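# Architecture at a glance
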Amino acid sequence: MNYKFNIHIYICVCVLFTTVLVTSFVSYSLDESKNNHDKKVATLMAFSQEKHLQHKLIINAIKSFFKSSVRVKKNEFSIFTRELLGTREALIFTLTPEMTLGYISDEKFVPELEQLKTTLDEHGKLRGKLDNYELIGVNINDPHMPYLFYATPIKRLLFNINKLNDTCLQYSSSQGYVKSQSCMMQSTSMISALFSHNTKLKISLPEYDFYYTLSIGSRASSPMIIEFVCVILSLIFICSLIFVLLYFKLENKRLFKRITRENKLNVAMVSSINHEIRTPINALLGYSQMLRDMPQISDEHSVLIDKMQWSANLLYSVAESTLNYSKSTAGALVLNNAPINTLQYIGNIQDYYNKLSIPVGKTLDFHVSDKLPAVISVDSSKLFQVITNMINNALKYSTGKAVRCHIDVCQRAGFNEESIIRGHYVRILIQDSGLGMSALTKELLINPFSVDTESKFKHVSSIGLGLYTCNQLLAQVGGKLRLHSVKNEGSKIMLHFPCQFDSSRLSLRLNPIDYRDVRILIVDDNRFNLEVCNAMLAEKQFNTVCANNSEVALTQFVNAEPDVVIVDYQLDEMNGLELIAKMKCIQANAQTQYFILSANDKNEIVDSECHSDIYFMQKPFNIAIFLSCLGRDN
Amino acid sequence: MNIDISDSLRHFFWGYSEARRLPLYRALVEELVNIHQQTALVGNDDKLNALKHQLKGICRYLSLALDEQINMMATLGQLHCLADNIHGQVAAIEDEL
């Protein structure tokens, strides 16, 4: 996904999301509050209905009591009403036609009845009013006591009302007005107002001509408001935190991409500079070799030329180190393994030092283990760089005379702590003698460009990159560099470089190779390049066939059945990879080994990674590299 | 541009046996003549990169450090002069082979 990150849009999205979340929570809370209020209203209704039913039952029972008796005596009334009321704090009393007190359920309430006011309306219905009591009056069929009152204390009503917490209940009727304690403690804050709900219930008992109004007002309590505010603040805080973390994650990703891109650019730049530097170094090496080959060169001049060549090679090594340093810091190092003829490869390294002429007074000895397989698959250019870098250091900085290099192979668990898979490694021990390395010099392994000011070699030019680069290179490709240096004894450097080989070939020793039976088809549309390549291979007794275009190449491929095909990448009609694909289609010999010759590096060729069975070589054609790769089946 | 490459040419040819020198020489001359002719043709500008690539390949085999100079060439004319120069010096050592 390719988009441009905009902080303003991001903040807007964050705010919008948080607002939606908070709004949803508020809406949910309001709904919950309304539901609670409705439940309270329903409870109150149920409570009222139950109360009315009780009133009706009690009044009907007394009516029946009076109806079934000829004349109710006072003690009978007292016993009956006491049994009927039970623990209720209600009061039942009768009035005579003169409106004086007749019977009463409990004599101790008689003084309170002094405040009783009674009236008869135009329909002859009885109405009464008594402080602190709710009165329901009915007529009964007793000529001596035609009026009956059922009185419920209002304090009892309040007690029931107060059972509903955080709710303001108001009772109002023609006989009085009561409100619960919660009504005194109502909060007037804005948030509290959000959660306030009011309902008025008008309740009537028409058979007793009794009407009253119940008001129920729900309010959020202070703890609830605090809880609500806390949840809202927590939501905002959590959202902010998540969005800030997400922002940093996105920013990190963006920075990582930028750094990766810059690293790639740096590698490309260093690679380009390196490429340009290597060309004049090659010229320098070539010309110095020409000078050296001239018959009239004196010994004195020969020494100077040796020094020139040694310096040019060091410069070449620095260029390689710089390139690999850039690649390793960018994490762009990959192994390009290809089979090599091991003894020939080591011979090439020895030749390299023989041609360079080792510094005066120093000796370099190679010892190759008998166990070394004839052919191993390894990234030969990186291995060469690591070995020569370490040997150069030993030759350049050791104070002793002898430098020894032991090479063998081993099988062991990976150097990565998590790795349990055993792998094969080329093991190289480079040993020198002398004063050994100081602690500061050892730091070069992990800290490039550091300088040991105490070293006696501080005057020797060095950028302090080789040791670090080799260490990083080996670490990245799964190998290991171990350094052991003892004062006044010298240094040992053990290198483990990953490789692959068929263990059944461990005991196979190399024999001198006869190339006369090896048929090679060379394809290049540049006739001179074709001739040079042909001449180099013919010098090594190879059986060569040439083709200067793809059509001829395909014909020759069928006729000659070559063991090896070397194709120039840039052909007129098609590229080298396409030609090899066609050859594979008409595969005459399943063992054919394919080489691509290109002016570019393997990594610069599109899809080169997809062709693991094809060897990529950089121009100009180098017979030594070719021979080191030519070992798989020969 | 006047570069003396005769020593490089001698070094290159002396690296091969006598029997191989002449075929190599002929192939080299043939390629140089080809480049020389191609660079002389009007309207061949689109082939500039291909011809540069071709000449660079030859120079690399001859150990001539001319990559940078060839890369910087922007016209067929410049390439023509260089090919002419190299061809002239190659032709001059024919008798020595």
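Attention now moves to the pattern of salt bridges. According to the stated counting rule, one finds 13 salt bridges over all chains in the structure shown. A salt bridge links Arg 427 of chain A to Asp 408 of chain A; its shortest N-O distance comes to 2.9 Å. Within this pair, whereas Arg 427 of chain A is found in strand S15 (residues 422-432), its partner Asp 408 of chain A is found in strand S14 (residues 402-413), the two being separated by 19 residues in sequence. Looking at Arg 427 of chain A, the relative accessible area reads 27%, which means it is partly exposed. The closest approach of N and O atoms between Arg 519 of chain A and Asp 563 of chain A, which form a salt bridge, is 3.6 Å. Of this pair, Arg 519 of chain A sits in strand S18 (residues 519-523) while Asp 563 of chain A sits in the loop between helix H12 (550-560) and strand S20 (564-568), and the two are 44 residues apart along the sequence. Ionic contacts of the salt-bridge type, sharing partners, join the residues Asp 7, Arg 10 and Glu 96 of chain B into one network.

Each side of the interface is counted separately: chain B has 25 residues, and chain A has 24 residues. Interface area for chain B against chain A, summed over the two sides, is near 2,300 Å², with a carbon-plus-sulfur share of 61%. Counting across the chain B and chain A interface gives 1 salt bridge. The residue Arg 527 of chain A makes a salt bridge to Glu 30 of chain B at a minimum N-O spacing of 2.2 Å. For the pair chain B and chain A, the interface holds 3 residue pairs in polar contact (both at pLDDT 80 or more). Elements with a minimum of two residues in the side of chain B that touches chain A: helix H1 (6-14), helix H2 (18-40), helix H3 (48-61) and helix H4 (67-72) of chain B. By residue class, the composition of the side of chain B that touches chain A is 10 nonpolar, 7 polar and 8 charged.

Moving on, we come to empty space enclosed by the protein. Residue and element names in this part refer to chain A. Taken as a whole and assessed by the stated rule, the structure comprises 4 cavities of 30 Å³ or more. Computed from the structure, the largest cavity encloses a volume of approximately 60 Å³. The wall of the largest cavity is formed by Ile 340, Thr 342, Tyr 345, Ile 346, Leu 372, Ile 376, Leu 383, Ile 387, Ile 407 and Val 426. For the lining of the largest cavity, the secondary-structure elements that each account for two or more residues are helix H7 (342-356) and helix H8 (380-397). The element best represented in the lining of the largest cavity is H7, accounting for 3 residues. Among the residues forming the lining of the largest cavity, the class breakdown is 9 nonpolar, 1 polar and no charged.

A regular strand places its side chains so that they alternate between the two faces of the sheet. Residue and element names in this part refer to chain A. In terms of burial, strand S5 (residues 133-139) is a largely internal element, 6 of the 7 residues being buried. For S5 and strand S6 (residues 147-153), the ladder comprises 7 bridges, and the chain directions are antiparallel. Looking at the pairing, Asn 139 lines up with Tyr 147 of S6.

As a further point, take the nonpolar core. Residues and elements named next belong to chain A. Ranked by size, the top nonpolar core spans 54 residues in total, and within it Phe 621 and Phe 626 carry the most contacts. Once residues within four sequence positions are removed from consideration, Phe 626 is found in contact with Ile 520, Leu 537, Phe 542, Val 564, Ile 566, Phe 595, Met 617 and Phe 621. If you look at the next biggest cluster of nonpolar residues, it comprises 38 residues, including Leu 372, Leu 395, Leu 473 and Phe 497.

Moving on: the confidence of the model for chain A. Residue and element names in this part refer to chain A. Confidence along chain A averages 80 in pLDDT terms, with 87% of residues attaining 70 or more. Within chain A, no element has a lower average pLDDT than helix H3 (residues 154-161), which sits at 64, and none a higher one than S18, at 91. This model gives residues 504-511 a pLDDT under 50, and the stretch forms 18 contacts once residues within four places in sequence are excluded.

The next point concerns the sheet that holds strand S7 (residues 167-173) of chain A. All names here are of chain A. The 4 strands lie next to each other as S8-S7-S10-S9, forming an open sheet whose pairing is antiparallel. The outermost strands of the open sheet, each flanked by one partner alone, are strand S8 (176-179) and strand S9 (197-205). This sheet shows a mean twist of 10° between the axes of neighbouring strands, independent of strand direction. Examined bridge by bridge, S7 and strand S10 (residues 210-218) share 7 bridges and lie antiparallel to one another. Within S10, the residue paired with Cys 168 across the bridge is Gly 217. Its contacts with the sheet place helix H1 (residues 7-68) against S7, S9 and S10, and it is angled at close to 15° to S9.

What counts, and where the lines are drawn
Residues numbered from 1 in each chain as written. Chains lettered and ligands numbered in written order. Predicted model: local features only at pLDDT ≥ 70, side-chain atom pairs only at ≥ 80, totals over all residues. Heavy atoms only, no water. Salt bridge = Lys/Arg side-chain N within 4 Å of Asp/Glu carboxyl O. Helix = DSSP H or I, 4+ residues; strand = E, 2+ residues; numbered from the N terminus. Buried < 20%, exposed > 50% of the residue type's maximum accessible area, 1.4 Å probe, protein only. Contact = heavy atoms within 4.5 Å. Buried area = accessible area lost by both parts, 1.4 Å probe. Polar contact = N/O pair within 3.5 Å; in protein donor to acceptor, adjacent residues only side chain to side chain. Nonpolar A, V, L, I, M, F, W, Y, C, P; charged D, E, K, R; others polar. 1 Å grid on protein atoms, 1.4 Å probe; cavity = no way out; pocket = protein on both sides within 12 Å on 5 of 7 lines; lining within 4 Å. Points joined across faces, edges and corners; volume = space filled by probe spheres on them. Pairing = 2+ DSSP bridges. Core = buried A, V, L, I, M, F, W, Y, C linked by side-chain atoms within 4.5 Å. pLDDT = per-residue confidence, 0-100. Axes fitted to C-alpha atoms, helices over the stretch in contact; angles between N-to-C directions.

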